[in-house]
Amino acid sequence: MNISFENKVALVTGAGSGLGLATARAFAASGASVVLADRDEKSVQSAADELIAKGFAALAVRCDVADDTQVEQMVAQSVATFGRLDVAYNNAGVQNVLAETADSSRDDYDRVMSVNLGGVWSCMKFELQQMRKQRSGAIVNCSSLGGLVGGPERGTYHAAKHGVLGLTKSAALEYAARGVRINAICPGLFWTPMAQQMAASGQAEALDALLKAVPMGRYGRPEEIADVVLWLCSDAASYVTGQSISVDGGFIMR
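The numbers attached to residues start from 1 for each chain and follow its sequence in the written order. Local features in a predicted model are, by the rule used here, given only for residues with pLDDT of at least 70; side-chain atom pairs are given and counted only at 80 or more, and totals for whole chains, interfaces and linings are based on all residues. The side-chain quantities take in all heavy atoms of the structure and omit both hydrogens and water.

Per an unreviewed UniProt entry, the protein chain is named Glucose 1-dehydrogenase, and its organism is Paraburkholderia panacisoli. Under the UniProt heading Sequence similarities (unreviewed entry), the entry covering the protein chain gives this text: "Belongs to the short-chain dehydrogenases/reductases (SDR) family." UniProt positions are given in the numbering used here, feature names are shortened, and annotations may be inferred rather than shown by experiment.

Structural data, given as C-alpha cells:
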C-alpha cells in the first residue's frame, strides 16, 4: 500500500528521538511538511536539520507539552509556517519514578500527569481548534501497554496512559461527524532512548522479564510504530476512529 502525505502538514511531539523521530522521518519520506516538536531544543533542531538537508520541508519547535501556552504557540507556528494542520502524532511522554503507590511522591505524580495526560489533552485542544475549522484532520495519541494493564510501582504512568485512551474515545465521538478522526496506539517494548534510560537506571532485569513475555521474542523497532501511525492518519484508515491499537509483538494476547 502506497501511503502519500503530499501537500499535507504533520505535527509530531517528542520528535527529538525514539518513536517520535522515526515517525517524523516517515511522514517526511511520505511527502508531508513536518513540524517536529520537543522540549529538548538541541535534539529537535538537529532532527529537523537532518530532514531539511535531505530536501524535506521541516520545522523544529521547542515545546514543553505540559505548558498550554507553549502548545498553543506550537500549533500557531505550524499553521503560520505551512498554512494548515492535517495530522498530528501526540507522542511526548516521560516515565515515573518507580515506587509503590504508598511511597510515590506528589511531585512525581504531577510531573508525569502533566506530560503524559495533560500534554495529550493540551495538544488535542489546540490541534482540534485548527482541524475543526478545516473540517478535516487525523490525530494519533500515544498511550502504551500501560494504558491497558496495570504494573507494580508504575501506577502513575499507567494511570496517565489509561487516561489517554479515555480522552481519545471521547474526542473521537465529538468530531466523528466533522471530518476529524482520533485514535490511539499502545506501544509495547521498543528499544528507544527511554528504554535505554530505564536499563541504565537499574531496570535491565525488568526489561528482560518483559521481553520474555513478548511472543515475537524481540524488541519493536521505532519504524514499526511509524508505519501504524501513518496508516491511521491516512485515507486508508478513513473509517477508523476512537480505536486503540496495540503494537506489541503479541504481548497483550497473554
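Student: Break down the pairing of strand E1 (residues 9–13) for me, with residues and values.
Tutor: The buried fraction of E1 is high, at 5 of 5 residues. Because side chains alternate across E1, one face comprises the buried residues Val9, Leu11 and Thr13, and the other comprises Ala10 and Val12, equally buried. Note that E1 and strand E2 (residues 33–38) share 5 bridges and pair parallel. Among the inter-strand pairings, valine 9 is bridged to a residue of E2, identified as serine 33. A clockwise path from the first strand over the helix to the second, with the strands pointing away from the viewer, defines a right-handed crossover. To qualify as a helix, a DSSP run of H or I must reach at least 4 residues; to qualify as a strand, a run of E must reach at least 2; elements of each kind are numbered from the N terminus. With respect to chirality, the unit in which E1 leads through helix H1 (residues 18–29) into the neighbouring parallel E2 is right-handed. Paired strands, in this sense, are two strands between which DSSP finds at least two bridges. For E1 and strand E4 (residues 87–90), the ladder comprises 3 bridges, and the chain directions are parallel. Across the sheet, valine 12 pairs through a bridge with tyrosine 89, a residue of E4. Any residue under 20% of the maximum accessible area for its type is buried, any over 50% is exposed, and the rest in between are partly exposed; the area is computed with a 1.4 Å probe on protein chains only.

Student: Provide a residue-level description of helix H5 (residues 118–134), including the pertinent values.
Tutor: With 17 residues, H5 should cover 24 Å at 1.5 Å per step; its first-to-last C-alpha distance of 25 Å lies within 8% of that length. Bending of H5 peaks at approximately 30 degrees at the position of leucine 128. Those residues of H5 not exposed but buried are Gly119, Val120, Ser122, Cys123, Met124, Phe126, Glu127, Leu128, Gln130 and Met131. Looking at the residues trailing H5, positive phi occurs at arginine 135, about 60 degrees. To estimate the expected span of a helix, count its residues, drop one, and scale the result by 1.5 Å. Two axes enter the bend calculation: one fitted to the seven residues ending at the residue in question, the other to the seven starting there, and the bend is the angle between them.

Student: I'd like a rundown of a nonpolar patch on the surface, residues and numbers included.
Tutor: On the surface, a cluster of nonpolar side chains totalling about 340 Å² of accessible area is made up of Leu148, Val149, Ile252 and Met253. On the secondary structure map, methionine 253 appears in the segment after strand E7 (244–247). Residues enter patches when their relative accessible area tops 30% and they take part in no salt bridge; the joining distance is 9 Å for like charges and 5 Å for the nonpolar side chains Val, Leu, Ile, Met, Phe, Trp and Tyr. Values of accessible area rely on a 1.4 Å probe in the Shrake-Rupley scheme; residue burial ignores everything except the protein chains shown. Criterion for a salt bridge: a side-chain nitrogen of Lys or Arg within 4 Å of a carboxyl oxygen of Asp or Glu.

Student: Give a detailed account of the pattern of salt bridges, specifying residues and quantitative values.
Tutor: Within this structure, the stated rule accounts for 7 salt bridges. For arginine 218, the salt bridge is made with glutamate 224, and the minimal N-O distance between the two is 2.8 Å. Owing to a relative accessible area of 32%, arginine 218 belongs among the partly exposed residues under this scheme. Linking arginine 221 and glutamate 224 is a salt bridge whose minimum nitrogen-to-oxygen distance equals 3.0 Å. The class of glutamate 224 is partly exposed, set by a relative accessible area of 21%.

Student: Give me helix H6 (residues 155–175): which residues, what numbers.
Tutor: In this model, H6 (21 residues) spans 31 Å end to end at C-alpha, consistent with the 30 Å of a helix rising 1.5 Å per residue. Among the residues of H6, those classed as buried are Thr156, Tyr157, His158, Ala160, Lys161, Val164, Leu165, Thr168, Ala171, Ala172 and Tyr175. For H6, the elements touching its buried residues are helix H4 (106–116), H5, strand E5 (137–142), strand E6 (180–187) and E7. Contact criterion: two residues are considered in contact whenever any of their non-hydrogen atoms come within 4.5 Å of each other.

Student: Account for the layout of surface pockets, with residues named and values stated.
Tutor: Cavity: a set of points on a 1 Å grid over the protein atoms alone where a 1.4 Å probe fits but cannot get out. Pocket: an open set with protein on both sides within 12 Å along at least five of seven lines, its lining residues, like those of a cavity, having an atom within 4 Å of a point. Grid points are joined across faces, edges and corners, and a volume is the space filled by probe spheres set on the points. The computed volume of the second largest pocket comes to approximately 330 Å³. If you trace the second largest pocket, you find 18 residues lining it, with Lys8, Arg181, Cys233, Ser234 and Asp235 closest to the centre. Here the lining of the second largest pocket is composed, by residue class, of 6 nonpolar, 7 polar and 5 charged. In this classification, Asp, Glu, Lys and Arg are treated as charged, Ala, Val, Leu, Ile, Met, Phe, Trp, Tyr, Cys and Pro as nonpolar, and every other residue, Gly included, as polar.

Student: Help me get a handle on the pairing of E6, residues and values and all.
Tutor: Summarising burial for E6: 8 of the 8 residues are buried, a large majority. In terms of strand pairing, E5 meets E6 through 6 bridges, oriented parallel. Note that in E6 the partner of glycine 137 across the bridge is valine 180. In this fold, E5 hands off to H6, which returns the chain to E6; that crossover is right-handed. Both E6 and E7 contribute to a ladder of 4 bridges, which runs parallel.

Student: Just give me the short version of the packing of aromatic side chains, but keep the residues and values in it.
Tutor: Here a Phe, Tyr or Trp ring, Trp counted by its six-membered ring, pairs with any other such ring whose centre lies within 6.5 Å, and the pair is stacked when the planes are under 30 degrees apart, edge-to-face when over 60, and tilted otherwise. Per the counting criterion, the structure on display carries 2 aromatic pairs. Measuring from centroid to centroid gives 5.1 Å for phenylalanine 5 and phenylalanine 27, while their planes differ by 80 degrees, and the two rings are edge-to-face. Highlighted residues: phenylalanine 5 in the segment before E1 and phenylalanine 27 in helix H1, separated in sequence by 22 residues. For the residue pair phenylalanine 5 and phenylalanine 27, the accessibility class agrees, reading buried in each case. Each ring, one from tryptophan 191 and one from tyrosine 219, has its centre 5.1 Å from the other, and the planes form 65 degrees; the classification is edge-to-face. Remark: tyrosine 219 occurs in the loop between helix H7 (193–212) and helix H8 (222–233) and tryptophan 191 occurs in the loop between E6 and H7; sequence separation between them is 28 residues. Definition used: whenever NZ (Lys) or CZ (Arg) falls within 6 Å of the ring centre and also within 35 degrees of the ring normal, the charge is taken to sit over that ring. We note lysine 125 situated over the ring of phenylalanine 126; from NZ or CZ to the ring centre the distance is 5.6 Å.

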